[in-house]
Amino acid sequence: MARGERGVARVLEKLEASVNAGQYYEAHQMYRTLYFRYLNQKKYGDLLQLLHSGANILLGCDQQGSGTDLAILLLDVLTKSQIKPCEEWIEKIAQLFAKMKPNVVERDTFLINAVKWSMDKNKRGHPLLHKSIAEVYWQEKKLTSAYRHFLHSNDGVAFATKLIELHITKGFKSEIAMFIAQAVLQILCLKNKEMAHEAFKEYTRSHPNLNERVPPFQYPLLNFLYLLLKVLDQKNAMKFLMLRKSYDKFLKRDPRYLGYLDTIARVWFGISAPGNRRNPNSMLGGIIKSMLGDIDSSDEDGSNLANKTQVPDLD
């Protein structure tokens, strides 16, 4: 063991002894003193080890304020040492977050700083961090927060699995298409077509209450999503406008869909005006029927999109 490593090991032993003796305040202050000392000396590796260990120990002793404070300092060092987001540190950050009680005010500060550190090449934060945080929120039954982070997780399969569980436990049978519709439209607004494809495929393939695994589906909204993804793959703006017009009566049942589609029109096709105000020509019926068959002309049992309860929405 190198001299520096032996020094850190001895410091950690002393700090753990203080914690074991119940001297939490003294231990916390010692950690902070060492933080400033090591930071000035740019001993980033030793400092990261020290702070990670201290945060874990104090949080494990239910010293929420002190432990969270050290965790926030840890993120500060990750940023100042220019350590890039990686699986190892993202896992450690998520584990610390899970140990913090939801009512700890500084927990939000920790999360904000963690996302900022993870941005690097991802302007919304690293997808793996979002997925890990989403899983923590899901376990805590904070479904809106979990949903928001799953949107940025880049994992359509995991997201769809949660949406299936959410619909089965909290939704009505008639809302089966709505739970995936809002998610797919929001993901497309974030310009992540691959994740939208993945989520839609997993949801329709794995939901136990869906009779069809491939189109045409019993639910018009599912057929719309299938065709929408196909049109985006084709980069065909005219088909997009005609598709939107064709399914207008189903889309109007949730006013938010129109807003999402306006955004999709802008980010994918450069269309500024709301697409549902356009006037597609008579090619419309033929295109839709050729792609799906004439199955969506009536509102049969199971296609009711009545908005009784909503999938958790963005804050």
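Look up: the structure comes first, before these words.
What you see is a predicted model; the values in this text were computed from it and never measured.

Engineer: I tried to follow the overall build of the chain on my own but got confused; where do I start?
Structural biologist: From N to C terminus, the chain includes 16 helices and zero strands. Across the 315 residues of the chain, 50% fall into the buried class. Sequence-distant contacts, at least 24 apart, represent 69% of the contacts inside the chain between residues at least 6 apart. As presented, the chain carries roughly 15300 Å² of accessible surface, and 49% of it is formed by carbon and sulfur atoms.

Engineer: Got a minute to help me understand empty space enclosed by the protein in this structure?
Structural biologist: Empty space among the atoms can be located by rolling a probe the size of a water molecule over them. Tallied over the full model, the rule gives two cavities of 30 Å³ or more. Computed from the structure, the largest cavity encloses a volume of approximately 40 Å³. Within the residue set of the lining of the largest cavity, elements represented by two or more residues are α8 (143-151) and α9 (156-170). Ranked by the residues each element gives to the lining of the largest cavity, the list is headed by α9, at four residues.

Engineer: Can you walk me through the packing of helix α2 (residues 24-40) against helix α3 (residues 44-60) in this structure?
Structural biologist: Between two packed helices, both the angle of their axes relative to each other and the distance between the axes serve to describe the pair. As a packed pair, α2 and α3 sit with axes 10 Å apart at the nearest point and diverge in direction by 165°. As summarised for this structure, α2 and α3 are arranged roughly antiparallel, according to the angle between their axes. The interaxial crossing formed by α2 with α3 has left-handed handedness. Seen from α2, the contacting residues are Tyr 24, His 28, Tyr 31, Leu 34, Tyr 35, Tyr 38 and Leu 39; seen from α3, they are Tyr 44, Asp 46, Leu 47, Leu 50, Leu 51, Gly 54, Ile 57 and Leu 58. Among the residues making up the contact of α2 with α3, the classes are represented as 12 nonpolar, two polar and one charged.

Engineer: Would you explain the layout of surface pockets in this entry?
Structural biologist: Taken as a whole, the largest pocket holds about 220 Å³ of empty space. Lining the largest pocket are 14 residues, with Arg 124, Pro 127, His 152, Leu 190 and Asn 192 positioned closest to its centre. Split into classes, the residues belonging to the lining of the largest pocket amount to four nonpolar, six polar and four charged.

Engineer: How do you make sense of the side chain of Lys 162 when you look at a structure like this?
Structural biologist: Within the secondary structure, Lys 162 is located in helix α9. Setting aside anything within four residues of it in sequence, one finds Lys 162 in contact with Glu 135, Trp 138 and Phe 150.

Engineer: Looking at this structure, I do not really get the packing of aromatic side chains. What am I missing?
Structural biologist: Pairs of aromatic rings are described using the distance from one ring centre to the other and the angle between the two planes. Evaluated as defined, the whole model comprises eight aromatic pairs. Judged by centre distance (5.5 Å) and plane angle (55°), the ring pair of Phe 224 and Tyr 247 falls under tilted. Of the two residues, Phe 224 sits in helix α12 (residues 220-234) while Tyr 247 sits in the loop between α13 (237-246) and α14 (248-251), which places them 23 residues apart along the sequence. Here Phe 224 matches Tyr 247 in class, with each residue buried. Relative to Phe 250, the ring of Tyr 247 lies with its centre 6.0 Å away and its plane at 45°, an arrangement referred to as tilted. Per residue, the accessibility class of Tyr 247 equals that of Phe 250, and both read buried. Feature note: the residues Tyr 147, Phe 150 and Phe 159 constitute an aromatic cluster, connected by ring pairs.

Procedures and definitions
Residues numbered from 1 in each chain as written. Predicted model: local features only at pLDDT ≥ 70, side-chain atom pairs only at ≥ 80, totals over all residues. Heavy atoms only, no water. Helix = DSSP H or I, 4+ residues; strand = E, 2+ residues; numbered from the N terminus. Buried < 20%, exposed > 50% of the residue type's maximum accessible area, 1.4 Å probe, protein only. Contact = heavy atoms within 4.5 Å. Areas by Shrake-Rupley, 256 points an atom, 1.4 Å probe, with all protein chains shown as cover. 1 Å grid on protein atoms, 1.4 Å probe; cavity = no way out; pocket = protein on both sides within 12 Å on 5 of 7 lines; lining within 4 Å. Points joined across faces, edges and corners; volume = space filled by probe spheres on them. Axes fitted to C-alpha atoms, helices over the stretch in contact; angles between N-to-C directions. Parallel < 35°, antiparallel > 145°, perpendicular 65-115°, else oblique. Left-handed = near helix turned anticlockwise from the far one by under 90°. Nonpolar A, V, L, I, M, F, W, Y, C, P; charged D, E, K, R; others polar. Phe/Tyr/Trp six-rings, centres within 6.5 Å; stacked < 30°, edge-to-face > 60°.

No statement about biological role is implied by the geometric values presented.
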